[in-house]
Amino acid sequence: MAVFIKKFSELSLKDLPEVGGKNASLGEMFNELSSEGVIVPDGFATTSEAYWSFLKKNDLDQKLEDLISDLNKESFKNLSEVGAKAREFIKSAEFSTEFSEEINRAYQELGSSEDIPVAVRSSATAEDLPEASFAGQHDTFLNITGKDALLNAVKNCFASLYTDRAIKYREDHGFKHHDVALSVGVQKMVRSDTGCSGIGFSLEPESGFRNLIHLSGVWGLGETIVQGLVNPDEFDVFKPTLKENKNPIVQKKLGRKELTMVYSESNGHSSTVTMDTPVEKQDSYVLSDEEVVQLSKWILVIEDHYSKPMDVEWAKDGETGQLYITQARPETVHREEGGRFHLQYHLLEHSEMLASGNAIGSSIAAGIARHLKSPSESHKLKPGDILVTSTTSPDWDPLLKRSAAVVTDRGGRTSHAAIVARELGVPAVVGTNNATKNIKDGQEITVSCEGKTGFVYKDKLKFEKTEIDFGKIKLPDTEVKFILSDPDRAFQLSFYPNNGIGLLRMEFIITHLIKVHPMALVKFEEIKDAGIKKTIEELTWQYKDKKDYFVDELCRGLAVMAAAFYPKEVIVRMSDFKSNEYANLIGGKQFEPEEENPMLGFRGAARYYHPFYKDGFELECKAIKKLREEMGLTNVKVMIPFCRTLEEGRNVVGLMKKFGLVQGENDLEIYMMVEIPSNVILAEEFAQIFDGFSIGSNDLTQLTLGVDRDSEVMADIFDENNAAAKKTISTAIKKANKAGVKIGLCGQAPSDFPEYAAFLVREGINSISFNPDALLKGIENINKAEGN
């Protein structure tokens, strides 16, 4: 007897040929993961047998095959005509009485004899297979109520097997049209229109970093994310600390969420309307931290069950407050990457920046910008042009495949434009807000995606592309670490051969993310300039206590980098601005002295316990404490810069203890920068105070030679290869080794000069840290020095 309907309770992944990947996955989760707390709305699915029976009853098999044979497969100029005829064939056909009755019976059972609202989704029998992502190719109908409306929605799903985009997709991927059937999933409706919804990836979607869960969410229906109508909230969750029940949210980004999609009443028919989001909801995250953690735990369970990275859809019912998983399918972009080969792009020149937004991918493209308002203008886009538009939907797919890059005004990392750009391997900058305004049609531009923020520059700029085989790179015995400051590139750089981060400069985070002088937050009420006060109010509006703004923002920036390299050592240097640099922060001038020579003035350890900055240093310590204790990122060590005397060292370590950072507690190590001759002269004594050293070769060289390293006039004298500078470094290394503490060096010289690397290895250095662009050359030079 023919089986036309299967309940979710009867489905598993083995039923994929019958009900498609989407429905098979829903049944699998409903049956296998409910015991682990994952909540999936109940439902049923029509089978592929029901679809084939429908075609046979209405004599559509040959009609559709003949129609598709007329498709112009070179230019696809008659695609719209062929697709429209195919859909009309199906919509004008009739369901058998048996099939209609089975749908109605299953619907009544689902609603306990009541007409309940349901979601009606298409699931092709080849959909969501590892070979291709069919996401978005076929239609979905939401909030369907009543038997007649449901039957109509099922038929429309059948017809969506022949949308223009679905036909083109099958052609592009080599699927035979007459081999693909359409199953329809009918699922209890989650009233996310009054709640929120979104998407989750069980990896970092740009780099493929596996230890992260990325969530995005909007108010109302998730279609606003897919269509790129809004910039959603984003959350990054670190898996290892999630498993340890620590606070695993390493990054939160509040999206603008200007629009909310909700249902409109239309007699059981699927209908939605987009409304302006109230300002108070735009200014609020769609999920609490507890809900982010709950969803992340579910996604972790789903990934473990499927044994592969997953792409998940979630929804929260606004009437009950209950969270649900509404779909799960294998992630398709990074599934085959082994991490051995890496394409590295680097922009060689810069020009006027026209727009910036979320970077999708990690590559660069240059070409002619083409403004398109809709897919009907496809004739304007030539292969190699760069598509510039407000937003995209699945109807844009054929155009995206001709584009060298994509730039949109709206959309986040999980928008349609972002998803397709990743699959195609082209760079995209989405959510710019102003690209269509700032970029002229026909203008030559360059799209650069080298971190999490992407940039669009004027003109075609020069760039280089290098293929690196990480499998051929052997790490030397001497540890090789990064010098980093920008969280944007952390996940990508974590794939490079390395032993961690030897110097994490927090100044970049303070300047670019926090922007405010910490003492201006501590003493906000004492700020005299009304304009500065207003600016700080605007930056810190989410916080009752403005000091918490500094702690949270610093903690998040550091957490991204600590997570990216976990469990490898990440050494965070406490702030080392000079007084003139601190003064440039918002509100800074009121709290900084004017100095003739800031390089040798109020900087480093001396600041930390001074009344002028002591409260600011406490905020830095609170961020580190939160990072290590609340978030569980105990791979973080701290380093004190410019510590002139033993007394300063003891004062700072004691003050840190008072602020909750106790040396040795929870394996906390405190290092010192060796950058002053006194650090070398008294290295054995400093080793009694600190757990290790890192040589700052720039400051140590300038103070050994008595030359200002920033002076153009004296530039020819400043030389790290100078005999006195090298002897000072040699002495520091020998004394550290004798004292039994680790010592490293941060600087460019070991990558620029092979003989300098050989000198450091010969003297017994434990580690050398490099800027990202010098790391691979540094590894090569150290390997030569070690005779590898």
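See the structure shown above.
A few points on the structure. (Residues numbered from 1 in each chain as written. Predicted model: local features only at pLDDT ≥ 70, side-chain atom pairs only at ≥ 80, totals over all residues. Heavy atoms only, no water.)

Once that is clear, we can look at the pairing of strand β27 (residues 670-674). For a regular strand, side chains alternate in direction, first toward one face of the sheet and then toward the other. Within β27, five of the five residues are buried, leaving the element largely enclosed by the surrounding structure. By the alternation rule, side chains of β27 split into Ile670, Met672 and Val674 and Tyr671 and Met673, which are all buried. Direction of pairing for strand β26 (residues 636-640) relative to β27: parallel, over a ladder of three bridges. Its bridge partner being in β27, valine 638 is matched across the sheet by isoleucine 670. Each parallel crossover has a hand, and the one from β26 via helix α23 (residues 646-658) to β27 is right-handed. When β27 meets strand β28 (residues 692-696), the two strands line up parallel, connected through four bridges. Note on β28: the bridge partner recorded for tyrosine 671 is glycine 692. (Buried < 20%, exposed > 50% of the residue type's maximum accessible area, 1.4 Å probe, protein only. Helix = DSSP H or I, 4+ residues; strand = E, 2+ residues; numbered from the N terminus. Pairing = 2+ DSSP bridges. Right-handed = clockwise from strand over helix to strand, strands pointing away.)

Turning next to the nonpolar core. It is characteristic of soluble globular proteins that their nonpolar side chains tend to be buried jointly. Phe617, Ile640, Phe690, Phe693 and Ile695 are the most contacted members of the largest nonpolar core, which has 101 residues in total. Sort the elements by how many residues they give to this core and helix α19 (residues 546-565) lands first, with 13 residues. What phenylalanine 690 contacts, discounting residues up to four positions off in sequence, is Ile640, Cys643, Gly649, Val653, Gln663, Ile670, Tyr671, Met672 and Val741. Formed by 47 residues, the second largest nonpolar core is a distinct cluster that contains Leu64, Ile90, Ile103 and Ala159. (Core = buried A, V, L, I, M, F, W, Y, C linked by side-chain atoms within 4.5 Å. Contact = heavy atoms within 4.5 Å.)

To continue, consider the sheet that holds strand β23 (residues 479-484). With parallel pairing, eight strands are arranged side by side around a closed barrel as β23-β24-β25-β26-β27-β28-β29-β30. The average angle at which neighbouring strand axes cross in this sheet is 30 degrees, direction not considered. (Axes fitted to C-alpha atoms, helices over the stretch in contact; angles between N-to-C directions.)

This part takes up unusual backbone geometry. Here the residue pair tyrosine 566 and proline 567 is connected by a cis peptide bond, since its omega of 5 degrees sits within 30 degrees of zero. The backbone of aspartate 59 sits at a positive phi, close to 55 degrees, despite the residue not being glycine. By secondary structure assignment, the location of aspartate 59 is in the loop between α2 (48-57) and α3 (61-69). A relative accessible area of 58% means that aspartate 59 is categorised as exposed. For serine 112, which is not a glycine, the phi torsion comes out positive at approximately 50 degrees. Positionally, serine 112 belongs in the loop between α5 (97-110) and β3 (118-124). Looking at serine 112, the relative accessible area reads 61%, which means it is exposed.

Another aspect to go through is the packing of helix α22 (residues 614-630) against α23. One can describe the packing of α22 onto α23 by two numbers: an axis separation of 10 Å at closest approach and a directional angle of 65 degrees. At the point where α22 passes α23, the crossing takes the right-handed sense. Where α22 abuts α23, its residues Lys614, Phe617 and Cys621 lie against Val652, Leu655, Met656 and Lys658. A class-by-class count of the residues in the contact of α22 with α23 yields five nonpolar, no polar and two charged. (Left-handed = near helix turned anticlockwise from the far one by under 90°. Nonpolar A, V, L, I, M, F, W, Y, C, P; charged D, E, K, R; others polar.)

This part is about α22. Helix length check: α22, at 17 residues, gives a terminal C-alpha distance of 23 Å against a target of 24 Å (1.5 Å per residue), a fit within 8%. Along α22, the residues that are buried comprise Gly616, Phe617, Leu619, Glu620, Cys621, Ala623, Ile624, Lys626, Leu627 and Arg628. Directly after α22, the chain includes glycine 632, whose backbone phi takes a positive value near 75 degrees. (Expected span 1.5 Å × (residues − 1).)

Turning next to the sheet that holds strand β7 (residues 212-219). Ordered by their spatial adjacency, six strands build an open sheet running β9-β8-β7-β6-β12-β13, and the pairing between neighbours is antiparallel. Two strands bound the open sheet, and with one partner strand each, they are β9 (249-253) and β13 (323-330). In this sheet, neighbouring strand axes are inclined to one another by 15 degrees on average, regardless of whether the strands run parallel or antiparallel. Pairing between strand β12 (residues 310-316) and β13: seven bridges, direction antiparallel.

Time to look at the pairing of strand β24 (residues 500-505). A large share of β24 lies buried, amounting to five of its six residues. The pairing of β23 with β24 spans three bridges and is classified as parallel. Each bridged residue has a counterpart across the sheet, and for leucine 484 the counterpart in β24 is leucine 504. The pairing of β24 with strand β25 (residues 569-573) spans four bridges and is classified as parallel. Each residue of the ladder has a partner; that of isoleucine 501, found in β25, is valine 570.

Here we come to a nonpolar patch on the surface. Together, Val713, Met714 and Ile717 give the surface a local cluster of nonpolar side chains, amounting to about 280 Å² of exposed area. Checked against the element boundaries, methionine 714 lands in the loop between α26 (697-705) and α27 (723-739). For methionine 714, a relative accessible area of 31% puts it in the partly exposed group. (Patch = residues over 30% accessible without salt bridge, like charges linked within 9 Å, V, L, I, M, F, W, Y side chains within 5 Å. Areas by Shrake-Rupley, 256 points an atom, 1.4 Å probe, with all protein chains shown as cover. Salt bridge = Lys/Arg side-chain N within 4 Å of Asp/Glu carboxyl O.)

Where helix α16 (residues 507-514) contacts α19, the two axes come as close as 10 Å, and the packing angle between them is 125 degrees. Relative to α19, the element α16 is oriented oblique. Relative to α19, the crossing made by α16 is right-handed. Residues Ile509, Ile510, Leu513 and Ile514 of α16 lie in contact with α19, whose contacting residues are Tyr549, Phe550, Glu553, Leu554, Gly557, Leu558 and Met561. Class assignment for the residues of the contact of α16 with α19 results in nine nonpolar, one polar and one charged. (Parallel < 35°, antiparallel > 145°, perpendicular 65-115°, else oblique.)

Tallied over the entire structure, the rule returns 24 aromatic pairs. Measuring from ring centre to ring centre gives 6.5 Å for phenylalanine 8 and phenylalanine 30, while their planes differ by 65 degrees; the resulting arrangement is edge-to-face. Taken together, the positions of phenylalanine 8 in the loop between β1 (5-7) and α1 (16-32) and phenylalanine 30 in helix α1 put the pair 22 residues apart, joining distant regions of the chain. Using a relative accessible area of 0% as the deciding quantity, one classes phenylalanine 8 as buried. An angle of 65 degrees between the planes, with centres 5.3 Å apart, marks the rings of tyrosine 51 and tryptophan 52 as edge-to-face. Of the residues examined, tryptophan 52 reaches a relative accessible area of 32% and is grouped as partly exposed. The structure contains a cluster of three or more aromatic residues connected by ring pairs, namely Phe4, Tyr51, Trp52, Phe54, Phe95, Phe99 and Phe158. Here the guanidinium or amino end of lysine 63 rests over the ring plane of phenylalanine 89, the centre of that ring lying 5.6 Å away. (Phe/Tyr/Trp six-rings, centres within 6.5 Å; stacked < 30°, edge-to-face > 60°. Lys NZ or Arg CZ within 6 Å of the ring centre and 35° of its normal.)

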